[in-house]
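One letter stands for each residue in the lines below.
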Amino acid sequence: MTPEQIRLVQDSFNEVIPISDQAAELFYGRLFSENPQFKALFSGDMQGQGKKLMQHLNMVVRGLNKIEQIAPAVQSLGRKHVDYGVKPEDYAAVGQALIWTLEQGLGRNFTPEVRDAWLAAYQVLATTMIEAASHESKDAA
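The structure displayed is predicted, hence computed values, not measured ones. (Residues numbered from 1 in each chain as written. Predicted model: local features only at pLDDT ≥ 70, side-chain atom pairs only at ≥ 80, totals over all residues. Heavy atoms only, no water.)

Observations concerning the nonpolar core
For the record, the criterion: Residues enter a nonpolar core if they are buried and are Ala, Val, Leu, Ile, Met, Phe, Trp, Tyr or Cys, with the set joined through side-chain atoms within 4.5 Å. Classification of residues uses two cut-offs on accessible area relative to the type maximum, computed with a 1.4 Å probe and protein chains only: under 20% is buried, over 50% is exposed, and between them is partly exposed. Secondary structure counts use DSSP, requiring at least four H or I residues in a row for a helix and at least two E residues in a row for a strand, with both numbered from the N terminus.
In terms of nonpolar packing, the biggest core is built from 37 residues, with M54, L102 and W118 touching the most fellow members. Only α1 (3-16), α2 (20-34), α3 (46-62), α4 (67-84), α5 (90-106) and α6 (112-140) provide two or more residues apiece to this core. When residues in this core are grouped by element, the largest group, eight residues, is from α6.

Focus on α5
Worth spelling out the cut-off: Here a helix's expected span is defined as the number of its residues, less one, multiplied by 1.5 Å.
Between its first and last C-alpha atoms α5 spans 25 Å; for 17 residues at 1.5 Å apiece the expected length is 24 Å, and the two agree. Every buried residue of α5 is listed here: D90, Y91, A93, G95, A97, L98, I99, T101, L102 and L106. Remark: G107 follows α5 within two positions and exhibits a positive phi of approximately 55°.

Section: the pattern of salt bridges
So the rule is basically this: Any carboxyl oxygen of Asp or Glu that lies within 4 Å of a side-chain nitrogen of Lys or Arg is treated as forming a salt bridge with it.
Scanning the model with the defined rule gives three salt bridges in all. Of the charged contacts in the structure, one is a salt bridge between R7 and E4, with a shortest N-O distance of 2.6 Å. Of this pair, R7 and E4 both sit in helix α1, three residues apart, which is roughly one turn of the helix. Overall, the relative accessible area of 40% leaves E4 in the partly exposed class. The exposure class assigned to R7 is partly exposed, which follows from its relative accessible area of 37%. The network of salt bridges with shared partners includes E4, R7 and D11.

Structural notes on the layout of surface pockets
Convention followed: Two kinds of site are reported from a 1 Å grid over the protein atoms alone, namely cavities, where a 1.4 Å probe fits but cannot get out, and pockets, open sets with protein on both sides within 12 Å along at least five of seven lines, and residues are called lining when an atom falls within 4 Å of a point. Grid points are joined across faces, edges and corners, and a volume is the space filled by probe spheres set on the points.
The calculated volume of the largest pocket comes to roughly 760 Å³. Taken together, 28 residues form the lining of the largest pocket, with Y28, F42, Q49, L53 and H81 sitting closest to its centre. Of all the elements in the fold, those that place two or more residues in the lining of the largest pocket are α2, α3, α4, α5 and α6. Among the elements that take part in the lining of the largest pocket, α3 stands out by supplying seven residues, more than any other.

Structural notes on the environment of A117
Of note, A117 is situated in helix α6. The sequence separation of A117 and Q5 amounts to 112 residues, and the corresponding C-alpha distance is 4.6 Å.

Structural notes on α1
With 14 residues, α1 extends 20 Å from end C-alpha to end C-alpha; this agrees with the ideal 20 Å at 1.5 Å per step. Every buried residue of α1 is listed here: I6, L8, V9, Q10, S12, F13 and V16.

Thoughts on the packing of α1 against α3
Quick reminder of the rule: Helix axes use the C-alpha atoms of the stretch in contact, all axes being lines fitted to C-alpha atoms, and the angles between their N-to-C directions lie in the range 0 to 180 degrees. By the definition adopted for this analysis, an angle is roughly parallel if under 35 degrees, roughly antiparallel if over 145, roughly perpendicular if from 65 to 115, and oblique otherwise. Helix crossings fall into two classes, left-handed where the near helix is turned counterclockwise from the far one by less than a right angle and right-handed where it is turned clockwise. Working rule for contacts: check all heavy atoms of both residues, and any pair within 4.5 Å makes them a contact. By the convention adopted, Pro, Cys, Tyr, Trp, Phe, Met, Ile, Leu, Val and Ala count as nonpolar, Lys, Arg, Asp and Glu as charged, and the other residues, Gly among them, as polar.
Taken N-terminus to C-terminus, the directions of α1 and α3 make an angle of 150°; their axes are 10 Å apart at the nearest point. Put simply, α1 runs roughly antiparallel to α3. The handedness of the crossing between α1 and α3 is left-handed. Residue-level contacts link V9, Q10, F13, N14 and V16 of α1 to M54, L57, N58, V61 and R62 of α3. In terms of residue class, the contact of α1 with α3 is made up of six nonpolar, three polar and one charged.

Observations concerning empty space enclosed by the protein
If a probe the size of a water molecule is rolled over the atoms, the empty space left behind becomes visible. Evaluation of the coordinates by the stated rule reveals three cavities of 30 Å³ or more. Computed from the structure, the largest cavity encloses a volume of approximately 80 Å³. The wall of the largest cavity is formed by F13, V16, A23, F27, L53, M54, L57, L98, T101, L102 and G105. Among the elements of the structure, α1, α2, α3 and α5 are those that each provide at least two residues to the lining of the largest cavity. No other element matches the four residues that α5 contributes to the lining of the largest cavity. Its residues assigned to classes, the lining of the largest cavity comprises nine nonpolar, two polar and no charged. Volume-wise, the second largest cavity comes out at about 50 Å³. L57, V60, V61, L64, L98, W118, A121, Y122 and L125 together form the lining of the second largest cavity.

Everything listed here is a matter of coordinates, which is why it stays silent on function.
As structure tokens, this is what we get:
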């Protein structure tokens, strides 16, 4: 990611923070409506799950300019998601739901440049998680 992309993601996420509960609700609503099979991966308090989602996103967004420092936490998330039943191919649907949610939440501030920056950020996040999950699966075999 370029420094400008990092700035765009961080600045736009500042606009999401005040609506984080609604953003999480939009995200999971979209994810489940487009991928009903994912609902079985979740049990319990979806409001609490939404708060976790936003906390993890905040950690990643704030750490984009020091990715080597947040990489262990992101890798740990990837390994945990294996236990939840998440497969590498599931990350594309999650990314689509995230981008849609940001588009809804940011409205006209979700410019093509902001979209591209978020796509780049999500690619870094998903790749790091998938690679960690892949190593976890190989270690278990």
